[in-house]
Amino acid sequence: MNYYALFLQLLPEAVLVITALVLLGVAVTIEAKTRRPIAMEWAIAISCVGIVGACAALNFGPAHAESASTLLVVDPLARVFKAVVLGLGLLAVLLPPAQREISQPGEFHALMLFAITGLLLTVGTDHLLFLFVALELASLSMYLLAGFSRSAKAAEASLKYFLFGGVSAAFFLFGLSLIYGFCHALTVPAIAAALTAGPLPPFAAVGLLMVIVGLGFKLAAAPFHYWAPDVYQGAPATSVALIAAASKAVGAVVLVRLLLLGFRECAGSAVWGLMHPGWALWLAVLAAVSMILGNVLALAQTSVRRLLAYSAVANTGYLLVALSANGEYAAGAALFYVVVYGLATFGALAVTAAVEQERGDDSLGAFAGLVHRSPLQALALLVFLTSLAGVPPLAGFAGKFMMFGAAMAESTTPQGTPGLTWLVGLAAVMSAISLYYYLMLLKQAFVREDADATPVELSTSHRLALLIPAVLLVALGLFPALLLSPLTRALQLTFL
Amino acid sequence: MTPAWTLISAFAGALLVLLLPARSAGMARVVALLASATGALAAAAACLAKLQHPDAPAWSFDRPWIPHLGIQFHLAANGLSLSLLLLTGLVAIAGVLFSWNVTQRPRAFFAFFMTIIGGVYGVFLSRDAFLLFVFYEIVILPKYMLIAIWGSTNREYGAMKLTMYSIGSSALILIGLVVAYAAAGGTSFDLDFLASYKYAPSLQCWAFPVLFLGFGVLAGMWPFHTWAPTGHVAAPTAASMLLAGVVMKLGAYGALCVAMPLFPQGFFEWRLVIAGLAVVGIIYGALTALTQRDLKFVIGYSSVSHMGFILLGLATATHWGLRGGMLQMISHGIVAGLLFGIAGRVVYERTHTRDLTALGAFDLWRTLPGAAFAFTLATAASMGLPGFSGFVAEISVGIGVWESDPWLIVPVAVGIIVTGAFSLRAMHRAFFPVRDATAAAAPMLPPLTWPEISAIALLISVSLAIGVYPLPWVTLIDDGLNSPLFHSILALP
């Protein structure tokens, strides 16, 4: 075993862990000396340095080579998405949690770094057992992050998240064991080699179904989404930002790796009238249920955080539409979408956090007159929500259009029989409905007047947390190829 | 100047207006006027160049945009798009002039206004389905904001209804375009390529109505027209002008230049259904307008009726019919803009009522003779009297109908008669009321301002020009209709 190569390969993760330990050490020292916890700004600064360092370390690793360990893979997909996870993680760290929510910023941010480490490891493996361990590292950190603010709501959120997450982990692991029992293989390529085209044998099918259920929990796909509204509402905004953006991107990558690489031959068919059991059909059903439930329930929400949670459920649905098409281009578009979705949801959460700090709650009414109090927040909110709703020229539109277009194209036979048309049609209609609840929020911010029009000042890092995703969404909306090209190339190289 | 300057000037204008410092917010209208004038000039120059050199190669701009899905940034303009660009430019100038007195958040107002104009230009210029859809959807959010923030009667409801209809219709368009893309091999979104692909008849049969309905909703097709009157009434004057004048034309343009060439066989299957809905729309809109008490509702429902003529022209599948539909688009764009401008800006800002009976108390033909004169001309144009653009358009549609389905001419004639009735009724009640000698003297009203007069003069002269000498417009439109895009429609029986 080449330990030096392994070290280089794991350098980003190592940088993160070391930064987390340093942060903990500094926090403990400062607290012992001054009897006061480390200042929030310091904790944020140290974590940012760590994440930027990890990004830089990413460049030292080999790009496409033999992995130094059978547990880890070195492929372009992993590399691109490590960068994505680090970027989304950096944004989440930049969003300062409310001072009164978090009493120990040192520990909180160390946990953030551990969670990001777990997500990085998850992206960089195709060994099922290691995947489980890495996913649990991330999940355990996130359970703690969700309940960090010691309020009753946060405790409820954390407990729910933990219980649902625990059950889903059990499903995931049991499914893996069934798959292992059938394939006698633990890595994705070995599984692909062990499978033959055609329907899966029953045991492996049950195993795969359980794995999908487990991942469905992580992705907040309906009907496994019950934790999401409470976690989005109760947990500190920073934790929610990580759970909503980075962890969803990772879930999508795991799905792509497992299903499109490992079980490609056993997709079955979700074509209307020609359905065959297989993961494509299951994903299509999950997608339809998620889109309908998420969008319909979001219509009735008055808390913006809960609204964003249901919008997350709906967006998981769109994502699964593209993945169920079982093709490279659709998968590329899906990965594109999960990134821009992460940016937009993160931004919306950042605005919500700012409004909460100012007004004390996250009801729709708290946003009234936002454009007069803070034009920056209002404009940023406009960008984020219209991107989520899929209105051009923002990246969310490009993502949705490409997902639906590619899904339809991949699933259509040249003879002109429309295939996934029913699902894409449903997705287009549901996406149109979603504009209604996003507009409800924008109406408050732009149309409704509020007596209080005193300007609001934001901290620098909070301002960055609004500006960076907004600029990225506009840029990626005008030039989607900037992100789509590396993703598609990575997928194509990985598929070879 | 290439036609691209229309697009550039509109979006640059929107950006410039936003970047104005807060203390010079009053400059917003000047910037918007300059940007609109640049766009209109660019469109006019392109039209003139086309008329002088009809055989010169058409301008086009083609760059790869998202190569993975075969999406190109492809702009081009034939005579058909050029004439609509010019219409948009003219309505934009008039819209800015009629909004000269907007003082509430003027920068945001004109930024949204110019964004709509830019989106409309973009749709008319796009030769790539994805690009066309982008511009088509760019228009939606500014529409909502204009109505919800600056609107009047029931604005939040009207804005939301209009937006949900628009986004719902674009969901249908999205499905239709994506199906066409996928069925043609999933390699290119180029409209000319998609139109040249022979789709299976079974696919055309269901994909055409989806796509056509998507565009038809925006074109005010009965029974999906209900967003139009409420939206037009709730909107501020400039937005009503844009909505009725050009945004509804996006739907008609999409139906003509996207839905029909893409699925010609589907079109022939559904042709009579469309014609039927169009005729119902003509008569229903006119009859409803006959019973309205609010002047803007009268104009709103008259738009539904007039848009029916466009759809009917398209449904004839004859050269005359398509040409008439196009002429009606241009004519209605001018006339509806004019009517909404007079009713919403000139009259309402002074009297603060649009109720036909209440307006009678103002004795408008004495106190506001300029407005009464302009409205009379506009009504004449709207009724399609000879000498105005509406006549040229309706007679062409009529010839088309006679060529394809002669029996349909009867309900069309009924529609024209009812149009005359409601137009005269509204004009009479609002501007020339019968007053007994004992009634109190009407209050004095401020006279027309220069921006109002110039906008009215601009629109009326264009309508008259088309009515008296339609040849240039017909030449431009025929250039578009002779392109290969329409061979499959006009060549078939």
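Just so you know, these numbers come straight off a predicted model, no measurement behind them.

**As for the overall build of chain B**
Within chain B one finds 22 helices and two strands. Here the C-alpha atoms of chain B give a radius of gyration of 21 Å, agreeing with the 23 Å that 2.2 N^0.38 yields for 493 residues. Across its three principal axes, chain B shows a C-alpha extent of roughly 75 × 60 × 45 Å. Per-residue burial over chain B gives 65% buried out of 493 residues. Within chain B, residue pairs in contact and separated by at least 24 positions form 82% of the contacts whose partners lie at least 6 positions apart. For chain B, the separation between the mean place of its 23 positive charges and that of its 19 negative charges on side chains is 11 Å.

**Some details on the overall build of chain A**
Secondary structure assignment for chain A yields 20 helices and zero strands. Over its C-alpha atoms chain A spans a radius of gyration of 22 Å, differing by no more than 12% from the 23 Å that the globule rule assigns to 496 residues. C-alpha atoms of chain A, sized along the principal axes, occupy 65 × 55 × 40 Å. Burial status across chain A gives 65% buried among its 496 residues. Nonlocal contacts in chain A, meaning residues at least 24 apart in sequence, comprise 80% of its contacts between residues at least 6 apart. Working note: accessible area of chain A is about 17,000 Å², and carbon and sulfur atoms make up 70% of it. Taken as two groups, the 22 positive and 22 negative side-chain charges of chain A have centres that lie 2 Å from each other.

**Comments concerning the interface of chain A and chain B**
In this complex, chain A contributes 46 residues to the contact, which on the side of chain B involves 36 residues. Counting across the chain A and chain B interface gives three salt bridges. Across the pair E156(B) and K443(A) runs a salt bridge whose closest N-O atoms are separated by 3.4 Å. Inspection of the chain A/chain B interface yields five residue pairs in polar contact (both at pLDDT 80 or more). Listed by contribution, the elements that provide at least two residues to the side of chain A that touches chain B are α15 (370-373), α16 (375-389), α17 (395-411), α18 (421-446), α19 (460-478) and α20 (481-495) of chain A. The greatest single-element share of the side of chain A that touches chain B, amounting to 13 residues, is contributed by α18(A).

**Thoughts on the pairing of strand β1 (residues 60-66) of chain B**
Residues and elements named next belong to chain B. Relative to strand β2 (residues 71-76), β1 runs antiparallel, the two being bridged by six bridges. Counterpart to F61 in the pairing with β2 is L75. Connecting β1 to the antiparallel partner β2 that follows it, the hairpin turn spans four residues, and G70 within it adopts a positive phi of roughly 70 degrees.

**Considering helix α4 (residues 76-94) of chain A**
The end-to-end C-alpha separation of α4(A) is 27 Å, in line with the 27 Å expected for 19 residues at 1.5 Å each. Burial analysis of α4(A) places 15 of its 19 residues in the buried class, which makes it a mostly covered element.

**A short note on the pattern of salt bridges**
All names here are of chain A. Using the criterion set out here, one finds 21 salt bridges over all chains in the structure. Taking the shortest distance from any N to any O, the salt bridge between E13 and K82 comes out at 3.1 Å. With E13 in helix α2 (residues 11-34) and K82 in helix α4, the pair connects residues that are 69 residues apart, well separated along the chain. For E13, a relative accessible area of 4% gives the class buried.

**Quick word on the side chain of T238(A)**
All names here are of chain A. As for its position among the elements, T238 is in helix α11 (residues 237-262). A relative accessible area of 0% means that T238 is categorised as buried. Non-local contacts of T238, meaning those with residues more than four positions away in its chain, are made with A92, L95, P96, P97, F108 and M112.

**Notes on the domain arrangement of chain A**
All names here are of chain A. Splitting chain A by domain gives domain 1 (1-156 + 228-260) and domain 2 (271-496). Here the C-alpha centroids of domain 1 and domain 2 sit 23 Å apart. At the junction of the two partners, domain 1 supplies 36 residues and domain 2 supplies 43 residues. Taken together, domain 1 and domain 2 are joined by one salt bridge. Across the pair D230 and R306 runs a salt bridge whose closest N-O atoms are separated by 3.5 Å. At the surface where domain 1 touches domain 2, the tally comes to eight residue pairs in polar contact (both at pLDDT 80 or more). Listing elements by their share of the side of domain 1 that touches domain 2, those giving two or more residues are α4, α10 (227-234) and α11. The leading source of residues in the side of domain 1 that touches domain 2 is α11, at 13 residues. Class assignment for the residues of the side of domain 1 that touches domain 2 results in 30 nonpolar, two polar and four charged.

**Here's the deal with the environment of F263(A)**
Residues and elements named next belong to chain A. Secondary-structure assignment places F263 in the loop between α11 and α12 (279-299). It is 9.2 Å that separates the C-alpha atoms of F263 and L200, two residues lying 63 residues apart in sequence. Every residue in contact with F263, bar those within four places of it in the chain, is listed here: I179, I191, L195, L200, L208, L258 and W279.

**Thoughts on the confidence of the model for chain A**
As a general rule, the predicted coordinates of low-pLDDT regions are not to be interpreted in detail. Predicted confidence across chain A gives a mean pLDDT of 86, with 93% of residues reaching 70 or more. The lowest-confidence element of chain A is helix α1 (residues 3-9) of chain A, averaging 81 in pLDDT; the highest-confidence one is helix α13 (residues 304-324) of chain A, averaging 92.

**Examining the nonpolar core**
Ranked by size, the top nonpolar core spans 393 residues in total, and within it F81(A), W279(A), F446(A), L256(B), L262(B) and L312(B) carry the most contacts. The biggest single contributor to this core is helix α14 (residues 328-359) of chain A, with 21 residues. Domain assignment of the residues forming this core places at least three in each of domain 1 (1-156 + 228-260) and domain 2 (271-496) of chain A. If near-sequence neighbours (up to four positions away) are discounted, F81(A) is found in contact with V123(A), A249(A), V253(A), L335(A), V338(A), V339(A) and L487(A). Counting five residues, the second largest nonpolar core, distinct from the first, contains L6(A), L72(A), L121(A) and A134(A).

**A few points about the environment of S382(B)**
Here S382(B) is to be found in helix α17 (residues 369-383). Sequence spacing of S382(B) and S423(B) is 41 residues, and the spatial spacing of their C-alpha atoms is 7.7 Å.

**Overview of helix α5 (residues 105-123) of chain A**
Its 19 residues place the ends of α5(A) 27 Å apart at the C-alpha level, agreeing with the 27 Å of an ideal helix rising 1.5 Å per residue. Counting buried positions along α5(A) yields 17 of 19 residues, so the element is predominantly enclosed.

**Focus on the packing of α13(A) against α18(A)**
All names here are of chain A. In the contact formed by α13 and α18, the axes pass within 11 Å of each other and the chain directions differ by 160 degrees. Between α13 and α18, the interaxial angle falls into the category roughly antiparallel. Remark: the crossing between α13 and α18 carries left-handed chirality. Here V304, L307, S311, A314, N315, Y318, V321 and S324 of α13 lie close against α18, whose contacting residues are L423, V424, A427, M430, S431, S434, Y437, Y438 and L441. Per-class residue counts for the contact of α13 with α18 are 12 nonpolar, five polar and no charged.

**Looking at the packing of aromatic side chains**
Applying the stated rule across the entire model yields 36 aromatic pairs over all chains. Aromatic pair F401(A) and F130(B): ring centres 4.6 Å apart, planes at 85 degrees, arrangement edge-to-face. Linking F401(A) in helix α17 with F130(B) in helix α5 (residues 129-138), this pair reaches from one chain into another. The buried category is assigned to F401(A), whose relative accessible area is 2%. Ring-pair connections join several aromatic residues into one group, and the members of that group are F397(A), F401(A), F61(B), W65(B), F73(B), F130(B), F133(B), Y181(B) and F189(B). Lying over the aromatic face of W320(B), R323(B) brings its terminal NZ or CZ to 4.6 Å of the ring centre. The ring of Y348(B) is capped by R354(B), whose NZ or CZ atom sits 4.8 Å from the centre of that ring.

**Some remarks on the side chain of S170(B)**
Following the sequence through the fold, S170(B) ends up in helix α7 (residues 155-183). Setting aside residues up to four positions removed in sequence, S170(B) forms contacts with F133(B), Y136(B), E137(B) and I140(B).

**Details of the confidence of the model for chain B**
Looking at chain B, pLDDT values average 87 and 98% of them are 70 or higher. Scored as a whole, the predicted complex attains pTM 0.91, and scored at its interfaces, ipTM 0.88.

About the thresholds
Residues numbered from 1 in each chain as written. Chains lettered and ligands numbered in written order. Predicted model: local features only at pLDDT ≥ 70, side-chain atom pairs only at ≥ 80, totals over all residues. Heavy atoms only, no water. Helix = DSSP H or I, 4+ residues; strand = E, 2+ residues; numbered from the N terminus. Rg over C-alpha atoms; globule rule 2.2 N^0.38 Å. Buried < 20%, exposed > 50% of the residue type's maximum accessible area, 1.4 Å probe, protein only. Contact = heavy atoms within 4.5 Å. Lys, Arg positive; Asp, Glu negative; His and termini not counted. Charge placed at Lys NZ, Arg CZ, Asp CG, Glu CD. Areas by Shrake-Rupley, 256 points an atom, 1.4 Å probe, with all protein chains shown as cover. Salt bridge = Lys/Arg side-chain N within 4 Å of Asp/Glu carboxyl O. Polar contact = N/O pair within 3.5 Å; in protein donor to acceptor, adjacent residues only side chain to side chain. Pairing = 2+ DSSP bridges. Expected span 1.5 Å × (residues − 1). Domains from an automatic or database assignment. Nonpolar A, V, L, I, M, F, W, Y, C, P; charged D, E, K, R; others polar. pLDDT = per-residue confidence, 0-100. Core = buried A, V, L, I, M, F, W, Y, C linked by side-chain atoms within 4.5 Å. Axes fitted to C-alpha atoms, helices over the stretch in contact; angles between N-to-C directions. Parallel < 35°, antiparallel > 145°, perpendicular 65-115°, else oblique. Left-handed = near helix turned anticlockwise from the far one by under 90°. Phe/Tyr/Trp six-rings, centres within 6.5 Å; stacked < 30°, edge-to-face > 60°. Lys NZ or Arg CZ within 6 Å of the ring centre and 35° of its normal.

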